[in-house]
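Structure assessment
Below, each chain spelled out in residue letters.
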Amino acid sequence: MLRPIVRYGAEVLHGPSATIEAVTPDIQSLVDDMIQTMYAAPGIGLAAPQVGVGVRIFVCDISMGRNAADLLTFINPSFVERDGMQLEEEGCLSVPGFNATVARPSRAIVKGLDREGQEHTVEGTGLLARCFQHEMDHLDGTLFVDRLRGLQKDLIVRKIRKLARTGKW
Ligand SMILES: [Zn+2]
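Residues numbered from 1 in each chain as written. Predicted model: local features only at pLDDT ≥ 70, side-chain atom pairs only at ≥ 80, totals over all residues. Heavy atoms only, no water.

1. Overview of a positive patch on the surface
On the surface, a cluster of positive charge is made up of R161, K162, R165 and K168. Mapped onto the fold, R161 is located in helix α3 (residues 150-165). (Patch = residues over 30% accessible without salt bridge, like charges linked within 9 Å, V, L, I, M, F, W, Y side chains within 5 Å. Areas by Shrake-Rupley, 256 points an atom, 1.4 Å probe, with all protein chains shown as cover. Salt bridge = Lys/Arg side-chain N within 4 Å of Asp/Glu carboxyl O. Lys, Arg positive; Asp, Glu negative; His and termini not counted. Charge placed at Lys NZ, Arg CZ, Asp CG, Glu CD. Helix = DSSP H or I, 4+ residues; strand = E, 2+ residues; numbered from the N terminus.)

2. Here's the deal with helix α2 (residues 126-139)
In a regular helix each residue adds 1.5 Å, so 14 residues correspond to 20 Å; α2 covers 21 Å between its end C-alpha atoms and thus fits that length. Burial analysis of α2 places twelve of its 14 residues in the buried class, which makes it a mostly covered element. When α2 is considered as a whole, its buried residues turn out to be L128, A129, R130, C131, F132, Q133, H134, E135, M136, D137, H138 and L139. Following α2 by one or two positions, G141 has its phi on the positive side, about 80°. (Expected span 1.5 Å × (residues − 1). Buried < 20%, exposed > 50% of the residue type's maximum accessible area, 1.4 Å probe, protein only.)

3. Regarding the packing of aromatic side chains
Scanning the model with the defined rule gives four aromatic pairs in all. Ring centres of F58 and F132 lie 6.1 Å apart, and the angle between their planes is 55°; this geometry places the pair in the tilted category. Taken as a pair, F58 in strand β2 (residues 57-60) and F132 in helix α2 lie far apart in primary sequence, 74 residues in all. Across this residue pair, the class does not change: F58 and F132 are buried. (Phe/Tyr/Trp six-rings, centres within 6.5 Å; stacked < 30°, edge-to-face > 60°.)

4. Here we look at the sheet that holds strand β3 (residues 72-83)
Judged by pairing direction, the sheet is antiparallel, and its five strands sit side by side in the order β1-β2-β3-β6-β7 without closing on themselves. Each having just a single partner strand, β1 (45-47) and β7 (119-125) make up the two edges of the open sheet. Adjacent strand axes in the sheet meet at a mean angle of 35° when their direction is disregarded. Bridge count between β2 and β3: four bridges; the pairing is antiparallel. Residue V59 lies in a different strand from β3, and its bridge partner there is T73. Here helix α1 (residues 25-40) sits on the sheet in contact with β1, β2 and β3, set at roughly 40° to β2. In the packing of α2 onto the sheet, contacts are made with β1, β2, β3, β6 (107-113) and β7, and the angle to β7 comes to roughly 125°. (Pairing = 2+ DSSP bridges. Axes fitted to C-alpha atoms, helices over the stretch in contact; angles between N-to-C directions. Contact = heavy atoms within 4.5 Å.)

Written as structure tokens, this is what we have:
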């Protein structure tokens with residue numbers, strides 16, 4: 001089932017999400033909905049708060065459905081390692097229409113449970129490392145906009161407020 005993606009300003013996006021106690025059929029069906037919603041958007045990653053559910057789950061697929069092995073689900077993820085630095089343009093399905101260059105570590109290892117509740121650990125470099133860190137940020141209530149410097153952030157936030165005032169957000 002496709003779920004609506006909430007946007008910047010929705011409360012669930014701006015606070016920490018809750019740990020999952022058990023990988024139940026309800027949680028698996030949330031994961032399935034998130035995967036379907038991510039592909040439909042389309043996007044390379046989606047975190048549960050983006051569909052309005054404040055729990056620690058994200059899905060990602062940097063191949064956007066072209067390579068089945070690239071589809072990853074993380075429940076209760078944490079970083080094992082992070083290093084390096086990359087500067088690339090980034091966007092977010094919850095901040096449509098805006099992009100900005102964000103500094104991120106160039107390599108990240110994430111561990112967490114998969115859709116079946118089994119622990120897995122995945123190393124990402126480049127785009128996948130960026131994706132991991134963007135989605136992990138969502139679980140702590142941080143959007144890429146929050147990682148920008150003052151003026152750049154203010155500009156985007158002002159534009160969003162203006163869109164919201166005119167009912168276009
Ligand atoms: Zn995002």
